[in-house]
Each structure stands twice: as structure tokens, then as C-alpha cells.
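An overview of the molecular structure
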Amino acid sequence: MCENTNKNIYLPYLATVEEVIDETPDVRTLRLVFQDEQVRENFSFRAGQFAEYSAFGAGESTFCIASSPTRKGYIECCFRSVGRVTEELRRLEPGDTMGVRGPYGNSYPIEELFGKNLVFVAGGIALPPLRTLIWNCLDLRDKFGEITIVYGARTQADLVYKRELQEWEQRGDVRLVKTVDPGGNGPDWDGQVGFVPTILAETAPSADNTIALVCGPPVMIKFTLPVLEKLCFGDDQVYTTLENRMKCGLGKCGRCNVGNVYVCKDGPVFTAAQVKAMPMEF
Amino acid sequence: MQNYISQQNFNALLDSLISQGKRVVAPRTNAGTVLYEPLANAADMVIDQLPRRSGKEAFFPLCEDIMTYQKEGQKIELQDIDPTRFLETVLVGVRPCDAAAIPVLDAVFSWDYKDEFFLERRKKTTIIGLACTQADDACFCTAVGLTPADPKGADLFLTPLEGGGYACETQSEKGEALVANNKELFAEPNGYKPLPLAEPQTGKFDLKKVKAWLDEHFEDPAWDSIATRCVGCGACAFVCPACHCFDIVDEGTEKQGKRRKNWDACGFWKFTHHASGHNPRDQQPKRYRNRIMHKFKYYDDKFGQTLCTGCGRCIRLCPVGIDIADILQDIDKIEVKVKVEENS
Ligand code: SF4
Ligand code: SF4
Ligand code: FES
């Protein structure tokens, strides 16, 4: 892990926006390169960790690091513009400067996934926190068994990482099941139609030697966990990430707790068993 | 080691610290309100009054800069804050309920990541505690394990004496240094009698029983009737010596400005409001539950202490008369009821 050499734990690294990619009409990816050479070389993170991204003058916003730790030299974040900070981040163009603090939080236990089959289940804008791990696993493809990705969004236009979905579809070593909510499909849609939990039930991946990784809006998670249970996934075979509002990311500001769990320190990655033990406060 | 200092010499001590360029923070009247503020003269101190807000501001200001930024075309320059600029400080007249909250805050700001803003100021601060001789109806320090004579958190602890002056006990190296450097102002104790201690309300609730109930009852119909009046003004958090939640905000223009750390309160609806519009604590009772849970369960689970020292400030100030000690008493009663039912 990269030791932040700043004594001031709130001081971000500066990063240059290298590339701006529009995923949907309101979801954008920024590819960022750290300006300081040492930070560029030493910044390392694990899939699942998050960062605080600054638009100076507007403030900071929390998102996962959406790129894979196996892809060196840059990081990516992906966000929907819904507030003051994200709207400012959206105004950034290639060459502009922004701030990044992190990496923070725990990560997926990737070593424990070696030798297992993986089922990724994502809904809407929640693909980025899994996409970091998906590429991490695909870049180490030999280490894993079968890889299944079930991804859905409200409409075709709301699917993020469209080029990568195509790439995954074309690879022989991944099974991609993409879906849109009923009514969200255009004439050219070649995927499934239905809500993610339903499509997951139809896909019916075997739970045998398999780990499921689920990210999505709270209602999707709520309906997906019982489906996995029916498919005989134990609560320790299922991982998810929680996304409470955060400010510090450091276990100080007191904002992100779910019961006595600090999402910024104890999470954001939790097993379904851990989530079920928490009070409904996320 | 025990020493005596007269009120006159104590003031002389503070004046000499002020003249040495130290920041001497003590209860002082400002526009009719007593607050912990830097003194220009020891004579301005009203040490016999409990300030409206706690002493935590000496290390954790209501609002502080954590960096500045400057934009020049596509480039941005950040300026760090130099912690060496924090002044050597002596915080004076801190009663046990305020002093005990300081180690509680230390735990938050030093576990894992170190908050140098807090810790540097803390390192540079000497705390002169004061045994408490005046309680009011709101005080309940004894119910949360403290006493009006508890020196916890103080470097030098004063006990007011009959006829004026103080008995002084050093509690740390900082306290010893303060006495050693000003030996001529202290005298041998000689038959002085302490003023009677304050007698805060006690026995309203049993902390262990409250914790045991909180452990099992995040969901409970009782919450619907607890603090329903709360209007979410956040005053209780702002006056509390132990509350430590904060916000990080930018203030300035696109060209230049500062990033600041400002006090925040879990009673505000926006505190947990997600950008998506979802709010896990979407109603005031849920927010108040977090206040109680954090103080009497979560903090205890994590750091083994209670996040309340019974100073009573939140009770005195709440605009709708919510009394946290009464709420804990109610919770204590529920627990009794549950136990009785189980036994029958
Ligand atoms: S919760 Fe109220 S009584 Fe307890 S320390 Fe805070 S302000 Fe004082
Ligand atoms: S001071 Fe009273 S009304 Fe204001 S947030 Fe606290 S409990 Fe609620
Ligand atoms: S985000 Fe500040 S404590 Fe978790």
C-alpha cells in the first residue's frame, strides 16, 4: 500500500485529467495521472478501495477507484453528476488538475478468490466498484475458474462501460449476461429484458466453489441476496460494497457509520453475512 | 506532590504566561456569554463559571483551514498549513466534565490516521483542571463515572480552597514543568480546607444497563417516542465537549480559496444525505437514535469509553427541552421492565 507521505492527512495529491469518457448522458469516467513523479510510481491500491476526489472550490466527493490495480500509471473514477462537486468534476477537461486523496478502506480479498468461480452482479451506476475487480481478475485470468457477469441498467442508454461490455462479450473466457429493465430496450437490443435479480435467477450460476460479488442500488441488493440464497450461496460466499456518505474517509468525521461499523475503515467491502448483522442504516 | 497557589499568584502566573507569548485560554465573558477564549489579562477570567461551549475548541476549532488552493490556468497549487504556527497554549479552569472529554477526543484523532491539526495543538497545550464546586440541575457527571474532583485529562489540577487560592496537584510532565518553572508563585500547603464539592444529580441511570439495552435494541418501538420533539438544530453537538463530527468544505472562488474542517452534527438531516437523494437517517428520531447510540454504544464498542461526560450543556441549551439524562433514565427503566418480564 502506498504510504501517504503528506503529514496533513487531508491534503490531496494533484492529478491531471488525461482522458474524459462519457459512459452515459450523465455518467462520466475521468482517467487521472498523478502530477508528482514519486506519487505516480508509488501509488498503489487494491481492488475495492476508494478515494476522495477534489474539485477545488466545490469540495470533495467519494467514489471507488474504478480502474484495475493491474493497469499501472493512471487511475480512473466514474461518477454521475448529481451535486455541486460532481458537476464541477464534470466540467474538467483533459489537461485540467484535480485532487485525489486515498486509497482508503478495505478491499476484495482477491487472494481468497484464486481457484474459485466468480459471479459478478451489478446494477446501473454500480458497475465501477466491480469493474476494478473484474479487470483485476481478467488480467490474472488463469487464477480463476469460470467468470460470469450479470449486469443490468434501467435502459440501454444507462449501461456504463459499453465498449468493455462488448469486449467481455467477445472474449471466450467470460460469460456476460446483460439486461435492461422492461421498457428500457430499444430495437437494436440483443440482451435480456428484466430486472437484475430475475435475470440472475434465470442465469442460475452454480454456488459450488463460487463467490458472488454484488454491487447495486439498495433495492437491487435487497432482491438479489434472496436469489443467491436460493441458489445455495452461503452468506460468506457473497461480497458487496456499501456506499454511505463520507467526508474524511479516515475514520474521523463520524459520518459514514452503519451501527458501530465505519464504512470508510471497516468497509466498503463486506460479506453478506456482515451486512445482515448490521442495522438497516445504509 | 501537592502545592498551594493563591488567587493572586495564579493570576500572576497566567499574566506571565501571556507575556511570554503563550495563548492562555480561559472562561471569559464575551457579549454576555461565557466562553473559553484567549485572555489578554488574567483579570478577565471568570473561572467560577462554566462556559457555554466546551474547551475542545482549543484543539478542535469550530472552523479551521486545512489547506489553501490557487488556480492558474490548468494548474493548481496547494498550500499546506504549517502546524508549527499553532501557539503554545494553556487551557485554564477546565472542569472534570470538560477535561475528561479530552482523552476521549485524543482516541478519535489519533487512531490509525493521525490528525495533525488536533494532535499538534494538543501536544502544545497544557491543561489546568479545576475541581467543580457548583453543579446545577443539568449536571450528571457522577452518572457517567466521573466525580467533581476527577483530575482525568488535566496536567495540573486545582482544588479551590476556603478563603481563596487553590491546592494544586500535578498530573503529568507538562503540569510538573509548569510548576517547576514558576516555583516562586507556589507555596507549601498548610492546613487549607477545600471548598465543598459540587453535588450533581446521581443515580438517574445505570450506564451498563443502558449499554446492554442499546446493544440489543437498534430497532425498538421505544425510539419512536424518544426525542420526537427534536428539531435537528444541532446545538447539542456544538456545545458538547465530546462530539467530534466534522465536515470538510471548500470556501472561495474557482481561482483561489481554502478548504476547511467545520464542526458538524449528526442531528442535521444533511449529515447522511446521499447524492442520489437516499438518506439512511431520513427522520429526526433516527438521527437522535444515532446520537444516543454513538455516545453510549458505538464509541464504547470501539474505544471502551463513553462519549458523554455529563456536563449537562446539551440539556441547558436544547431549544425544545430534550434532556439526555432523562432519556437514559427512561432507557434504564425499559431494561428493568424487560428483565422483569423475562423472569416472570
Ligand atoms: S452529551 Fe450533553 S451532557 Fe453529555 S457531554 Fe455532551 S453536552 Fe455534555
Ligand atoms: S439541541 Fe435539542 S432540538 Fe437541537 S438537535 Fe439537540 S436534541 Fe435536537
Ligand atoms: S467518512 Fe469520516 S468517519 Fe468515515
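Residues numbered from 1 in each chain as written. Chains lettered and ligands numbered in written order. Predicted model: local features only at pLDDT ≥ 70, side-chain atom pairs only at ≥ 80, totals over all residues. Heavy atoms only, no water.

Here's the deal with the UniProt feature "domain: FAD-binding FR-type" (unreviewed entry) in chain A
According to UniProt, the positions carrying the feature "domain: FAD-binding FR-type" (unreviewed entry) are residues 10–110 of chain A. Between the C-alpha atoms that bound residues 10–110 of chain A there is a distance of 29 Å. The span itself is 14% helix and 44% strand. (UniProt positions renumbered as here; feature names shortened; annotations may be inferred. Helix = DSSP H or I, 4+ residues; strand = E, 2+ residues; numbered from the N terminus.)

A short note on the site of ligand 2
Every residue close to ligand 2 is listed here: Cys230, Val231, Gly232, Cys233, Gly234, Ala235, Cys236, Tyr288, Cys318, Pro319, Val320 and Ile322 of chain B. Residues belonging to the shell around ligand 2 are distributed by class as follows: 10 nonpolar, two polar and no charged. (Near = heavy atom within 4 Å. Nonpolar A, V, L, I, M, F, W, Y, C, P; charged D, E, K, R; others polar.)

Some remarks on the domain arrangement of chain A
All names here are of chain A. Considered domain by domain, chain A is made up of domain 1 (13–104) and domain 2 (110–241). The partner domain 2 presents 18 residues to the 22 residues of domain 1 that form the contact. Contact between domain 1 and domain 2 buries roughly 1500 Å² in total, counting both sides, with carbon and sulfur atoms accounting for 51%. Connecting domain 1 to domain 2 are three salt bridges. In this structure, the salt-bridge partner of Glu111 is Arg46, at a minimum N-O distance of 3.0 Å. There are 10 residue pairs in polar contact (both at pLDDT 80 or more) connecting domain 1 and domain 2. (Domains from an automatic or database assignment. Contact = heavy atoms within 4.5 Å. Buried area = accessible area lost by both parts, 1.4 Å probe. Salt bridge = Lys/Arg side-chain N within 4 Å of Asp/Glu carboxyl O. Polar contact = N/O pair within 3.5 Å; in protein donor to acceptor, adjacent residues only side chain to side chain.)

A look at the site of ligand 1
Lining the immediate environment of ligand 1, one finds Phe140, Cys240, Pro241, Arg291, Lys295, Cys308, Thr309, Gly310, Cys311, Gly312, Cys314 and Ile324 of chain B. In terms of residue class, the shell around ligand 1 is made up of seven nonpolar, three polar and two charged.

Focus: the sheet that holds strand E4 (residues 63–72) of chain B
All names here are of chain B. Judged by pairing direction, the sheet is antiparallel, and its four strands sit side by side in the order E5-E4-E11-E10 without closing on themselves. Either end of the sheet is taken by a strand with one partner, and the two such strands are strand E5 (75–80) and strand E10 (246–252). Direction aside, the axes of adjacent strands within the sheet are offset by 25° on average. Bridge analysis of E4 against strand E11 (residues 256–263) gives seven bridges, and the strand direction is antiparallel. In the sheet register, Tyr69 faces E11, and the bridge partner there is Gly257. With respect to the sheet, helix H4 (residues 116–123) is in contact with E4, E5 and E11, its orientation differing from that of E4 by roughly 130°. (Pairing = 2+ DSSP bridges. Axes fitted to C-alpha atoms, helices over the stretch in contact; angles between N-to-C directions.)

Some thoughts on the packing of aromatic side chains
Per the stated rule, a full pass over the model turns up 29 aromatic pairs over all chains. Ring geometry for Phe63 of chain A versus Phe79 of chain A: centroids 5.3 Å apart, planes at 10°, classification stacked. Highlighted residues: Phe63 of chain A in strand E4 (residues 59–64) and Phe79 of chain A in strand E5 (residues 75–80), separated in sequence by 16 residues. An identical accessibility class is assigned to Phe63 of chain A and Phe79 of chain A; each is buried. Ring geometry for Phe60 of chain B and Trp263 of chain B: centres 6.0 Å apart, planes at 50°, overall tilted. Taken together, the positions of Phe60 of chain B in the loop between strand E3 (33–38) and E4 and Trp263 of chain B in strand E11 put the pair 203 residues apart, joining distant regions of the chain. Each member of the pair, Phe60 of chain B together with Trp263 of chain B, is buried. Three or more aromatic residues link up through ring pairs in this structure, and these residues are Tyr10 of chain A together with Phe59, Phe60, Phe86, Phe109, Phe117, Phe118, Phe238, Phe246, Trp263 and Phe268 of chain B. (Phe/Tyr/Trp six-rings, centres within 6.5 Å; stacked < 30°, edge-to-face > 60°. Buried < 20%, exposed > 50% of the residue type's maximum accessible area, 1.4 Å probe, protein only.)

Observations concerning the sheet that holds E4 of chain A
Residues and elements named next belong to chain A. Strand order in the open sheet made by the six strands is E4-E3-E6-E1-E2-E5, with antiparallel pairing throughout. Among the strands making up the open sheet, the edge pair consists of E4 and E5. Recorded for the sheet is a direction-independent mean angle of 40° between the axes of neighbouring strands. Note: strand E1 (residues 13–22) against strand E6 (residues 97–104), four bridges, orientation antiparallel.

Comments concerning the interface of chain B and chain A
Many descriptions give the size of an interface as the accessible area lost when the pieces come together. At the interface, 48 residues of chain B touch 45 residues of chain A. Between chain B and chain A the total buried area reaches about 4000 Å² when both faces are included, carbon and sulfur atoms providing 52% of it. Here chain B is connected to chain A by eight salt bridges. Between Arg255 of chain A and Asp247 of chain B there is a salt bridge, with the nearest N and O atoms lying 4.0 Å from each other. The interface formed by chain B and chain A contains 28 residue pairs in polar contact (both at pLDDT 80 or more). Taken together, the elements giving at least two residues each to the side of chain B that touches chain A come down to E4, E5, helix H3 (101–110), H4, E10, E11 and helix H9 (284–303) of chain B. Per-element tally for the side of chain B that touches chain A: the top contributor is H9 of chain B, with six residues. The residue inventory of the side of chain B that touches chain A, partitioned by class, reads 18 nonpolar, 10 polar and 20 charged.

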